[in-house]
Amino acid sequence: MRGGIRLFRVLGITISIDYTWFIVFFLFAWSLAYGYFPQKVPDLGVTAYLVMGAVASLFLFICVLIHEIAHSYTANRLGLDVKEITLFIFGGVAQLTREPDTPGKELKIAIAGPLASGGLAVGFYLLKLLIDGMYTGGVVQGVSAVVGFLSTINIVLIVFNMIPGFPLDGGRIMRAVWWAKTGSIREATRVASIIGKGFASLLIVFGFLQIISGLFIQGLWAVLIGVFLQQAAEGSYRQLLMKITLEGMKVSDIMTRNVVTVPAHIPLSTVVERFFFNYHFVSFPVLRDGRLVGLLTLNDVRKVDKERWHTTLVEEAMERISPDRVLHPEDSVLHALTKMIEDGVGRYPVVDQNGELVGILSRRDIMKTMEFKAELAGR
Ligand SMILES: [Zn+2]
């Protein structure tokens, strides 16, 4: 998954936005300022429409955020760790570290978002009634139009998200029901993902037809959303396949056992010549008196000036190993992979209960194993 820009933390969840959001934000503000609002409230100036477009887009962003937080908050309450949400214009992707283990939990998490949007729609609608009841005309007219738009757009969000294709909420709800009925999360995900991709393709075709017939902006919207949905449906299906493939596997099953280690007290120049050039590994566990004390990566070496390689010792340049920066032979591979992704690390040393190094496991090892298993399974 591509990274986004980190914004802030709410309820222990890091909120990021995807880069595409900026393009969509301007497209949205522009469509509102030049199309939607002048039609709704005809007698305002260009500046007023621009401000209304920007404010409405910003609040739309907040509404989408609240929708996603509702999902994540529910997931966290049910014991599934959500640490990060990446927002796209019409929704977000919560980085669930684990999939829900029962259809009931899946259903609750899926429905929380649309419920929050429903609440927002009603709230903005009541606010609009209140504003219209007090005064009409001038600036208030503009405020009323923005609030009215926000009420409508939350309904649009619900309708859009209830489309029964994975990974949209409707798809998740359908998956939960299918899962409860058949008992197979794999089958349920497959069906929900096929429907999701089918819907996305329809949306893209529809968008192109609109563009051809002159409705450029509407068409562009449909194509953009369709492409996003298609990728998301594919991505979430792969993710689940991966989880199923790695289920029950332990670190000791696939780790590399004969690890080449480096002593802590030799200079970097020696390590480069004797280890990096000879073995072509990008990192080596560092031992002092037979115990694991750190990890030396090519990057650590690169950080030190070349002239100082003769005088700098391995233990001065390496990353020290903290107790939570290692794996144990009994750990599940899925847990190991999740940890590597979360920490942004490519490999972890594996130590036994006595703190002795018994192997090393990298993301590449895990990917290789998955490919291998898929080959054996005949697809
Ligand atoms: Zn949702």
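Cut-offs used in this document
- Residues numbered from 1 in each chain as written.
- Predicted model: local features only at pLDDT ≥ 70, side-chain atom pairs only at ≥ 80, totals over all residues.
- Heavy atoms only, no water.
- Helix = DSSP H or I, 4+ residues; strand = E, 2+ residues; numbered from the N terminus.
- Core = buried A, V, L, I, M, F, W, Y, C linked by side-chain atoms within 4.5 Å.
- Buried < 20%, exposed > 50% of the residue type's maximum accessible area, 1.4 Å probe, protein only.
- Contact = heavy atoms within 4.5 Å.
- Expected span 1.5 Å × (residues − 1).
- Bend = angle between axes of the 7 residues up to and from the residue.
- Donors = N, O, S within 2.8 Å, 3.2 Å for Na, K, Ca; no water.
- Tetrahedral: all angles 85-135°; square planar, octahedral: opposite > 155°, others 65-115°.
- Domains from an automatic or database assignment.
- Buried area = accessible area lost by both parts, 1.4 Å probe.
- Salt bridge = Lys/Arg side-chain N within 4 Å of Asp/Glu carboxyl O.
- Phe/Tyr/Trp six-rings, centres within 6.5 Å; stacked < 30°, edge-to-face > 60°.
- Lys NZ or Arg CZ within 6 Å of the ring centre and 35° of its normal.
- Axes fitted to C-alpha atoms, helices over the stretch in contact; angles between N-to-C directions.
- Parallel < 35°, antiparallel > 145°, perpendicular 65-115°, else oblique.
- Left-handed = near helix turned anticlockwise from the far one by under 90°.
- Nonpolar A, V, L, I, M, F, W, Y, C, P; charged D, E, K, R; others polar.

Draft legend 1. Examining unusual backbone geometry more closely. In this structure, His280 is a non-glycine residue whose phi angle is positive, near 60°. Topologically, His280 is positioned in the loop between α9 (268–279) and β6 (283–288).

Draft legend 2. View of the nonpolar core. Ile15, Phe28, Phe37, Met52, Leu87 and Phe149 are the most contacted members of the largest nonpolar core, which totals 46 residues. Looking at this core, the elements that each hand over two or more residues are β2 (13–17), α1 (20–40), α2 (46–77), β3 (82–88), α3 (103–134), α4 (138–161), α6 (185–212) and α7 (216–246). Residue contributions to this core peak at 10 residues, all from α2. Apart from residues lying up to four places away in sequence, Phe37 is in contact with Leu32, Tyr49, Met52, Gly53, Ala56, Ala145, Val146 and Phe149. Judged by nonpolar contacts, the second largest core, of 19 residues, contains Ala264, Phe276, Val286 and Met318.

Draft legend 3. Examining α1 more closely. Along its 21 residues, α1 runs 28 Å from first to last C-alpha, staying within 8% of the 30 Å computed at 1.5 Å per residue. The axis of α1 is deflected most strongly, by about 45°, at Leu32. Taken residue by residue, α1 has Trp21, Val24, Phe25, Leu27, Phe28, Ala29, Leu32, Ala33 and Phe37 as its buried positions.

Draft legend 4. Structural context of the coordination of the zinc ion. With distances of 2.0 to 2.5 Å, the protein atoms coordinating the zinc ion are His67 (NE2), His71 (NE2), Asp169 (OD) and Asp169 (OD). Coordination at the zinc ion is irregular, judged from the four donor atoms that bind it and the angles of 56 to 152° they form at the metal. Sequence spacing among the residues donating to the zinc ion works out to H-x3-H-x97-D. Remark: Asp169 occurs in helix α5 (residues 169–182) and His67 occurs in helix α2; sequence separation between them is 102 residues.

Draft legend 5. Structural detail: the domain arrangement of the protein. The domain architecture assigned to the protein consists of domain 1 (5–246) and domain 2 (251–376). Each of domain 1 and domain 2 was reduced to a C-alpha centroid, and the two centroids are 41 Å apart. In this assembly, six residues from domain 1 lie in contact with eight residues from domain 2. Note on domain 1 versus domain 2: buried area summed over both sides is about 700 Å², and carbon and sulfur give 78% of it.

Draft legend 6. Inspection of the pattern of salt bridges at higher detail. Taken as a whole, this structure holds eight salt bridges when the rule is applied. Linking Lys128 and Asp132 is a salt bridge whose minimum nitrogen-to-oxygen distance equals 3.1 Å. Residue Lys128 and its partner Asp132 are located together in helix α3, separated by four residues, close to a single helical turn. Classification of Asp132 as partly exposed rests on a relative accessible area of 30%. Its salt-bridge partner being Lys250, residue Glu330 comes within 3.6 Å of it at the nearest N-O pair.

Draft legend 7. Examining the packing of aromatic side chains more closely. Under the criterion given, the structure shown has 13 aromatic pairs. A centroid spacing of 5.8 Å and a plane angle of 45° characterise the contact between Trp30 and Tyr34, whose relative ring orientation is tilted. Of the two residues, Trp30 and Tyr34 both sit in helix α1, four residues apart, roughly one turn of that helix. Looking at Trp30, the relative accessible area reads 45%, which means it is partly exposed. Among the aromatic residues, those joined into a ring-pair cluster are Phe28, Tyr36, Phe37, Phe149 and Trp221. Sitting over the face of the ring of Trp178, Lys181 holds its NZ or CZ atom 5.9 Å from the ring centroid. Above the plane of the ring of Tyr348 lies Lys339, whose end atom (NZ or CZ) is 5.2 Å from the centre.

Draft legend 8. Main features of the packing of α3 against α5. As a packed pair, α3 and α5 sit with axes 9 Å apart at the nearest point and diverge in direction by 160°. What the angle tells us is that α3 and α5 run roughly antiparallel. With respect to the hand of their crossing, α3 and α5 are arranged in left-handed fashion. Contacts from Pro103, Glu106, Leu107, Ala110, Ile111 and Pro114 of α3 reach α5 at Asp169, Arg172, Ile173, Arg175, Ala176, Trp179 and Ala180. Broken down by class, the residue content of the contact of α3 with α5 amounts to nine nonpolar, no polar and four charged.

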